[in-house]
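# Report on the structure
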Amino acid sequence: MEMGLAFALSLAAAAALQPAPFTQPAVQPAPPASLTEPPASLTPAADLLGFGDADERMTVPVTIGAGGPYHFIVDTGAQRTVISRELAGTLRLAPGPDVHLTSMSGQGMVNTFVIPAISVGALGGTRIEAPALETRNLGAPGLLGLDTLQGHMVTIDFERQQMTVTPSEVRRRAAPAATDEVIVHARSMFGQLVVTDAYYRGRRIQVIVDTGSVVSMGNLALRRMVARSTKHMQSISLLGVTGDVLVADYTQISEIKVAGINFNNLPVAFADAEPFKRFELIKRPALMLGMDAMKLFKRVQIDFPNRTLRLSLPSGAGQSDAPVPVNFGSQVSRLNQ
């Protein structure tokens, strides 16, 4: 299905906004994961990986050297892979240089550890210097960032609870869209994909796909646009991966259009977050589209070398006007043609 066809993703709003479920953002820790994982023989074969949820985010098994698997959160919004200090200590990794780290809640210098070889399924074996943070703030033994995912195509199948990571090369012509699929073209900025065919009430905005965030985040320029028609916002506190707290304004907004797909009643937290500054998206309205929106689709494919997203609509979306239920936390979302 090509981009020009319009679909509406309707996130059914509650009778009153309840910010409690969203006070735990992408970086809020789940109970610390055990660093003692199943034996390596249980790792899914080749590049087909089963994934679980960590605080509504995706985790996939990775191996470090001969150890693992360890369940890292897949974070397409992070430029670098991060390891927990606890796991680095357990593996007795050598310390690396201090580096500058930018997170949702701020920036600063952090120490790193040298990972001699990190692998995702059958791929990888790459040596990296990974920033180290606390498990309780990460919510997992680590985050899998773009330094590991670049040069690959990541396919997330929510129905089958599987993720495939395959090598990808730049192609002259993209494969045609399937009947249940929308192709979204993007540009690359610091290795991350930025969708420019995106609008709020007819005005262009920038959209970044961020699988590491459980809630979508908007910058202050987008907040000013939204505030003209949405007066009711609630203040919430978001805990960052560094342990810092980011205060944000939360509401649900409609009429977000991304390549012909209309998101209605989309929960968004607005803040002057550091990533927007790094992307030079201060004056231009911008949205980091989180897992709350991604999970509305049957399948999401992110092809970094070709700078494209393929979004597969839930079964039956193209054959009937009847809404198709899609789980959205404790609420119900609907997809209408």
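I will try to describe carefully the structure that is included in this document.

Each value, and the rule that gives it
- Residues numbered from 1 in each chain as written.
- Predicted model: local features only at pLDDT ≥ 70, side-chain atom pairs only at ≥ 80, totals over all residues.
- Heavy atoms only, no water.
- Helix = DSSP H or I, 4+ residues; strand = E, 2+ residues; numbered from the N terminus.
- Buried < 20%, exposed > 50% of the residue type's maximum accessible area, 1.4 Å probe, protein only.
- Contact = heavy atoms within 4.5 Å.
- Areas by Shrake-Rupley, 256 points an atom, 1.4 Å probe, with all protein chains shown as cover.
- Salt bridge = Lys/Arg side-chain N within 4 Å of Asp/Glu carboxyl O.
- Phe/Tyr/Trp six-rings, centres within 6.5 Å; stacked < 30°, edge-to-face > 60°.
- Pairing = 2+ DSSP bridges.
- Core = buried A, V, L, I, M, F, W, Y, C linked by side-chain atoms within 4.5 Å.
- 1 Å grid on protein atoms, 1.4 Å probe; cavity = no way out; pocket = protein on both sides within 12 Å on 5 of 7 lines; lining within 4 Å.
- Points joined across faces, edges and corners; volume = space filled by probe spheres on them.
- Nonpolar A, V, L, I, M, F, W, Y, C, P; charged D, E, K, R; others polar.

With that settled, consider the overall build of the protein chain. Within the protein chain, the regular secondary structure consists of six helices and 28 strands. Per-residue burial over the protein chain gives 55% buried out of 337 residues. Intrachain contacts of the protein chain at a sequence separation of at least 6 include 66% that bridge at least 24 residues. Carbon together with sulfur atoms contributes 52% to the accessible area of the protein chain, which is approximately 14200 Å² in total.

Using the criterion set out here, one finds 10 salt bridges in the structure. Measuring nitrogen to oxygen at the nearest pair gives 2.7 Å for the salt bridge that ties Lys298 to Asp180. Separated by 118 residues along the polypeptide, Lys298 in the loop between α6 (291–294) and β25 (299–303) and Asp180 in the loop between β13 (162–167) and β14 (181–185) bring together distant segments of the chain. Through salt bridges with shared partners, a single ionic network connects Arg85, Glu134 and Arg136.

Pro69 follows Gly68 through a cis peptide bond whose omega is 10 degrees. As for its placement among the helices and strands, Pro69 is situated in strand β5 (residues 67–74).

With that settled, consider the packing of aromatic side chains. Across all of its chains, the model carries one aromatic pair by this definition. Each ring, one from Phe263 and one from Phe297, has its centre 6.2 Å from the other, and the planes form 75 degrees; the classification is edge-to-face. Remark: Phe297 occurs in the loop between α6 and β25 and Phe263 occurs in strand β22 (residues 261–264); sequence separation between them is 34 residues. For the pair Phe263 and Phe297, one class covers both residues: buried.

A regular strand places its side chains so that they alternate between the two faces of the sheet. Extensive coverage of strand β23 (residues 266–270) is indicated by the burial of five of its five residues. Burial along β23 is two-sided: Leu266, Val268 and Phe270 and Pro267 and Ala269, pointing in opposite directions, are all buried. Of the pairings in the sheet, the one linking strand β18 (residues 216–218) to β23 comprises three bridges and is parallel in character. Bridging across to β23, Gly218 finds its partner in Phe270. When strand β20 (residues 245–253) meets β23, the two strands line up antiparallel, connected through five bridges.

What follows is about the nonpolar core. Core analysis: the largest hydrophobic core is formed by 62 residues, its most contacted members being Phe72, Ile83 and Phe263. With residues up to four places along the chain from it excluded, the contact list for Ile83 reads Ile64, Phe72, Ala88, Leu93, Ile115, Ala130, Pro131, Ala132, Leu133, Leu138, Pro141 and Gly142. Counting 18 residues, the second largest nonpolar core, distinct from the first, contains Val194, Leu246, Ala273 and Phe279.

One water molecule sets the probe size; rolling that probe over the atoms shows where empty space is left. As enumerated under the stated definition, the model contains two cavities of 30 Å³ or more in all. Of the volumes computed, that of the largest cavity is approximately 50 Å³. Residue composition of the lining of the largest cavity, grouped by class: five nonpolar, two polar and no charged. By volume, the second largest cavity is sized at about 40 Å³. Around the second largest cavity, the lining residues are Val184, Val195, Val207, Val209, Val258, Leu289, Met294, Leu309 and Leu311. Sorting the residues of the lining of the second largest cavity by element identifies β17 (203–209) and β26 (308–312) as the ones contributing at least two each. Residues that form the lining of the second largest cavity fall into these classes: nine nonpolar, no polar and no charged.

The values are spatial; any link to function lies outside them.
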